[in-house]
Amino acid sequence: MKPYTIAITGKGGTGKTTIAAAIVASLIRRGLSPVLAVDADPNSCLDGVLGVQVDKTVGRLREESRGAGTGGPSGISKRDLVELRIAECLVEAKDFDLIAMGRPEGPGCYCYANNLFKDVIGKLTQSYPFIVIDNEAGLENLSRRLYQSIDLLIITGDPSRRGLATIERLYNLAGEMGIAYDALALAINLVRSGYGMEELEALQLKTSARHLLTLPFDADMALAGEQGRSILGVDPSNPVLSRIDGFITRLGLQNP
Ligand SMILES: Nc1ncnc2c1ncn2[C@@H]1O[C@H](COP(=O)(O)OP(=O)(O)OP(=O)(O)O)[C@@H](O)[C@H]1O
Ligand SMILES: [Mg+2]
């Protein structure tokens, strides 16, 4: 099965994790599950926003398995062992699973471990119809091409001049880095007052973004974040959640 993969990137603190979690919630609500939520930010917090807890990350596992013999106990191949242990990193919740990538590689050669992990994670992702990847600010993760293909890339930003310029820069950078995606969406978050729709539309044109999503600043979302509460407990009629839900409706996704 080829999963429908949504990857979220953008400027720091502009709602990547919130939007990723809201998309997971929206997919589940419309029966588009199971969803694999991937926390690709080393400063992981998608688990808390989704109301679960990660105990073990792929990064830690990679660190442990690097350089350790070629096989596991009683003739299990190293690949099978990694597959088993990656399954242990998976947090299983109702209708979604979560995997956290954890810390990136330290100094030294990780080629062997990386290829092995890429292979195993590639296989794992094939068993989910929908994948949502929350990234750190920037494009570092996506450039490693751990995921076969990105159907929808979402770049987040705030509506300030600088925020919009950052979106444009990330878009250009994605092109330079050869990050391939089928469609692009721009998510302008934390919108407080009247903003220049013209500027947004010009940016949409420049970036050939198929979708433009504007999300208001919302006091309940801010409070949920401050208190470290899961957004799964926030009323779905909340203006941010309902806009994201409407956006998912417009994508017209269906179960395979
Ligand atoms: N529309 C919104 N209105 C009010 N607060 C919001 C909104 N969207 C996100 N927040 C809050 O802003 C903070 C940052 O959001 P979030 O963690 O989703 O951003 P991020 O881009 O993932 O940050 P980082 O770059 O640190 O990973 C959180 O406390 C979150 O609750
Ligand atoms: Mg985040």
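For the structure itself, look to the data block above.
Since the structure is predicted, the reported quantities are computational estimates derived from the model, not experimental observations.

### Re the sheet that holds strand β7 (residues 181-191)
Next up, step 1: Spatially, the eight strands line up as an open sheet ordered β3-β4-β2-β5-β1-β6-β7-β8, and their pairing is mixed. Each having just a single partner strand, β3 (91-92) and β8 (211-216) make up the two edges of the open sheet.
Next up, step 2: Two strands pair when backbone bridges link them, and strand β1 (residues 4-10) and strand β5 (residues 130-135) are joined in this way by five bridges, in the parallel orientation. Note on β5: the bridge partner recorded for Ile6 is Val132.

### Comments concerning the packing of helix α3 (residues 58-65) against helix α4 (residues 78-89)
Next up, step 1: One can describe the packing of α3 onto α4 by two numbers: an axis separation of 10 Å at closest approach and a directional angle of 150°. Judged by the inter-axis angle, α3 sits roughly antiparallel to α4. Relative to α4, the crossing made by α3 is right-handed. Residues Val58, Leu61, Glu64 and Ser65 of α3 form the contact with α4, whose own contacting residues are Lys78, Arg85, Ile86 and Cys89.
Next up, step 2: In terms of residue class, the contact of α3 with α4 is made up of four nonpolar, one polar and three charged.

### Examining the environment of Pro159
Next up, step 1: Relative to the helices and strands, Pro159 is located in the loop between β6 (150-157) and α7 (161-176).
Next up, step 2: Accessibility expressed as a relative area gives 26% for Pro159, which makes it partly exposed.
Next up, step 3: Residues Pro159 and Gly196 lie 37 residues apart in sequence; the distance between their C-alpha atoms is 8.6 Å.
Next up, step 4: If near-sequence neighbours (up to four positions away) are discounted, Pro159 is found in contact with Leu164, Ile188, Asn189, Leu190 and Val191.

### A word on the pattern of salt bridges
Next up, step 1: Tallying each qualifying case throughout the model produces 14 salt bridges.
Next up, step 2: Between Lys56 and Glu64 there is a salt bridge; the shortest N-O distance is 3.6 Å.
Next up, step 3: A relative accessible area of 17% places Lys56 in the buried class.
Next up, step 4: Three or more residues are tied together by salt bridges with common partners; here these are Lys56, Arg60, Glu64 and Arg85.

### Focus on the layout of surface pockets
Next up, step 1: Taken as a whole, the largest pocket encloses approximately 510 Å³ of empty space.
Next up, step 2: The wall of the largest pocket is formed by 25 residues, among which Gly15, Thr17, Thr18, Met221 and Gly225 lie closest to the centre.
Next up, step 3: Elements that contribute at least two residues to the lining of the largest pocket include exactly α1 (16-29), α2 (46-49), β7 and α9 (219-226).
Next up, step 4: The greatest single-element share of the lining of the largest pocket, amounting to four residues, is contributed by α9.
Next up, step 5: Broken down by class, the residue content of the lining of the largest pocket amounts to 10 nonpolar, 11 polar and four charged.

### Examining α7
Next up, step 1: If you check α7, its first and last C-alpha atoms are 23 Å apart, about what 16 residues at 1.5 Å a residue would give, namely 22 Å.
Next up, step 2: For α7, every residue scored as buried is listed here: Gly163, Leu164, Thr166, Ile167, Leu170 and Ala174. When α7 is viewed along its axis, its buried side chains cluster within an angular range of 155° and face the same direction. Residues of α7 that are exposed and point more than 90 degrees away from the buried face comprise Arg161, Arg162, Gly175 and Glu176.
Next up, step 3: Residue Gly178 follows α7 closely and has a positive phi angle near 70°.

Scoring rules and cut-offs
Residues numbered from 1 in each chain as written. Chains lettered and ligands numbered in written order. Predicted model: local features only at pLDDT ≥ 70, side-chain atom pairs only at ≥ 80, totals over all residues. Heavy atoms only, no water. Pairing = 2+ DSSP bridges. Helix = DSSP H or I, 4+ residues; strand = E, 2+ residues; numbered from the N terminus. Axes fitted to C-alpha atoms, helices over the stretch in contact; angles between N-to-C directions. Parallel < 35°, antiparallel > 145°, perpendicular 65-115°, else oblique. Left-handed = near helix turned anticlockwise from the far one by under 90°. Contact = heavy atoms within 4.5 Å. Nonpolar A, V, L, I, M, F, W, Y, C, P; charged D, E, K, R; others polar. Buried < 20%, exposed > 50% of the residue type's maximum accessible area, 1.4 Å probe, protein only. Salt bridge = Lys/Arg side-chain N within 4 Å of Asp/Glu carboxyl O. 1 Å grid on protein atoms, 1.4 Å probe; cavity = no way out; pocket = protein on both sides within 12 Å on 5 of 7 lines; lining within 4 Å. Points joined across faces, edges and corners; volume = space filled by probe spheres on them. Expected span 1.5 Å × (residues − 1). Arc of directions from axis to C-beta.

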